[in-house]
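This is what each chain is made of:
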Amino acid sequence: MSEIQNIQWFPGHMTRTRRQIEKSLKQVDIVAEILDARVPLSSRNPVLKSIINNKPKVVLLNKCDLADAAQTAKWVNYYKENKITAIPIDAKSGKGLNQLMPACKEVLSEQIAAWNRKGMVGRPIRIMIVGIPNVGKSSLINRMCKGGKNGKAEVQDRPGVTRQNRWFTIGKGFELLDTPGVLWPKFDDKLVGEKLAFTGAVRDEVVDIEALASRLLEEVTKLYPNAVNDRFQTGLENITEMEGYDILCAIGKKRGMLISGGEINTERAAYTVLDEFRAAKLGRITLDQI
Ligand code: GDP
C-alpha cells in the first residue's frame, strides 16, 4: 500500500475559533452543520457537539452532486434514525436548499410554539452555518442570500452586534448569520486525514501529491472497482490488487505524460487524478460508506 507522510494541519487557532463560535451561538436558534457528502464522517468535527451543547441542529450534506446518490440516501437515513434531519444539498446550484427553512421550522417547532405563547409571533428564526474548511460554507451563504429582495442579500446591522456579525434575511421569518463558524478538520485516524486531503479539505501543498493520488487510486478502486479503468482506459486487469503508485504510472503513460528521457511524469498524472476525482469525472464517489 502507498504511504503518505505528514498530513498535518496547524491547530494554532482552535481555542480562538471555538470562542468565536460560542459567541455567535448565543445569537442563533439553530445550527446548520455542513458536511461534504463524499465524506460525511470524515468531514465532521466531533468537537462540534461539545461546542454547540444542546443547541438544535440540522445537517447539510453538501456537494451531493459529486457524491454517490445511493450512499447519500443511506446517510440521510442514518441521521434520521439518530433523530437528526439531514438534507442533501448542492450549494453551487442551489439544489435542496429549499428544504432548509422548513426543516429548521420542524426542528424548532416546540420553541416556536413557546414564542407564540409569549406573544412573540413571527419572531425570526436565526441560523448559523458551521463546518470545516472547503465544505462549501461561503457558497451556501452566497446562494441563500441571493434569495433576498431584488436578488440581493438584505443586510441588517443591529445595535450591539459586532460589525462582523450581520444578518441576511433569507426568507420570510428567517435570518442567516453572514459569518460561518469555521471548524478545524480533525483526524486522529490516518485514513480520515487522507480522505480530507483527497477532497481538498487539507491543502495540497502540505502533502506529497503523488503519494496522495496513489492512495486515492487505491481507495477508489477498493470501493468502485471499475471507476479508474472506465475513466482512464488503462486496461489494467488486476487493478484491485495493484499498488496505487503503479496505477498512477499506468495513467500517466496512457495519457502520454512523459518527461524528457521517456520517463512518466507522475506529478502531472497525480494532479490529473486529483482534479478529475474532485470534479467527479471518475463518477460520483462516496468515500465514507455506510
Ligand atoms: P468554505 O471554505 O467552506 O467556505 O467552502 P467554499 O464555499 O469556498 O467552497 C469550496 C469549494 O467547493 C469551491 O470551489 C466551491 O465552488 C465548491 N463547492 C461548494 N459547494 C459545492 C457543491 O455543492 N457542489 C460542488 N460541485 N462544488 C461545491
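Everything numeric in this text was worked out from a predicted model, so none of it was measured.

Caption draft 1: Inspection of unusual backbone geometry at higher detail. Backbone geometry places K83, a non-glycine residue, at a positive phi of 65°. By the secondary structure assignment, K83 is in the loop between α3 (69-81) and β3 (86-88). Here K83 falls in the exposed class, since its relative accessible area comes to 77%. At Q233, a residue that is not glycine, the phi angle is positive and equals roughly 50°.

Caption draft 2: Region of interest: the pairing of strand β6 (residues 167-171). Counted residue by residue, β6 has four buried out of five residues, so it is predominantly covered. Sheet topology places β6 next to strand β7 (residues 174-177); four bridges connect them, and they run antiparallel. Bridged to F168 within β7 is L176.

Caption draft 3: Geometry of the packing of aromatic side chains. By the definition in use, this model includes two aromatic pairs. For the pair W75 and Y78, a centre-to-centre distance of 5.2 Å together with 75° between the ring planes defines the contact as edge-to-face. Of the two residues, W75 and Y78 both sit in helix α3, three residues apart, roughly one turn of that helix. Owing to a relative accessible area of 3%, W75 belongs among the buried residues under this scheme. Seen in terms of ring centroids, Y78 and Y79 are 5.2 Å apart; in terms of plane orientation they differ by 80°. Their pairing is edge-to-face.

Caption draft 4: Representation of the site of the ligand. Every one of the 15 residues lining the ligand counts as a neighbour, but D65, N134, K137, S138 and S139 are closest to it. One of the backbone nitrogen or oxygen atoms of V135 is found 3.3 Å away from an oxygen atom of the ligand. Backbone polar atom of G136 to an oxygen atom of the ligand: 3.0 Å apart, as the coordinates give it. Expressed as a share of its isolated accessible area of 580 Å², the protein-covered part of the ligand is 74%. Broken down by element, the shell around the ligand gets its largest block of residues, three residues, from helix α6 (residues 137-145). The residue makeup of the shell around the ligand, split by class, is five nonpolar, five polar and five charged.

Caption draft 5: Focus on the pattern of salt bridges. For the structure on display, the rule yields 14 salt bridges. Across the pair K190 and E194 runs a salt bridge, and its minimum N-O distance is 3.5 Å. One end of the pair is K190 and the other is E194, both in helix α7 (residues 190-199) and four residues apart, which spans about a single turn. Note on K190: relative accessible area 43%, which makes it partly exposed. The closest approach of N and O atoms between E276 and R231, which form a salt bridge, is 2.7 Å.

Caption draft 6: Focus on the packing of α7 against helix α11 (residues 266-278). Interhelical geometry of α7 versus α11 gives an angle of 85° and a closest axis separation of 9 Å. Relative to α11, the element α7 lies roughly perpendicular. Side by side, α7 and α11 meet where A197, F198 and T199 of the first sit next to L274, F277 and R278 of the second. Residue composition of the contact of α7 with α11, by class: four nonpolar, one polar and one charged.

Basis of the calculations
- Residues numbered from 1 in each chain as written.
- Predicted model: local features only at pLDDT ≥ 70, side-chain atom pairs only at ≥ 80, totals over all residues.
- Heavy atoms only, no water.
- Helix = DSSP H or I, 4+ residues; strand = E, 2+ residues; numbered from the N terminus.
- Buried < 20%, exposed > 50% of the residue type's maximum accessible area, 1.4 Å probe, protein only.
- Pairing = 2+ DSSP bridges.
- Phe/Tyr/Trp six-rings, centres within 6.5 Å; stacked < 30°, edge-to-face > 60°.
- Near = heavy atom within 4 Å.
- Polar contact = N/O pair within 3.5 Å; in protein donor to acceptor, adjacent residues only side chain to side chain.
- Areas by Shrake-Rupley, 256 points an atom, 1.4 Å probe, with all protein chains shown as cover.
- Nonpolar A, V, L, I, M, F, W, Y, C, P; charged D, E, K, R; others polar.
- Salt bridge = Lys/Arg side-chain N within 4 Å of Asp/Glu carboxyl O.
- Axes fitted to C-alpha atoms, helices over the stretch in contact; angles between N-to-C directions.
- Parallel < 35°, antiparallel > 145°, perpendicular 65-115°, else oblique.
- Contact = heavy atoms within 4.5 Å.

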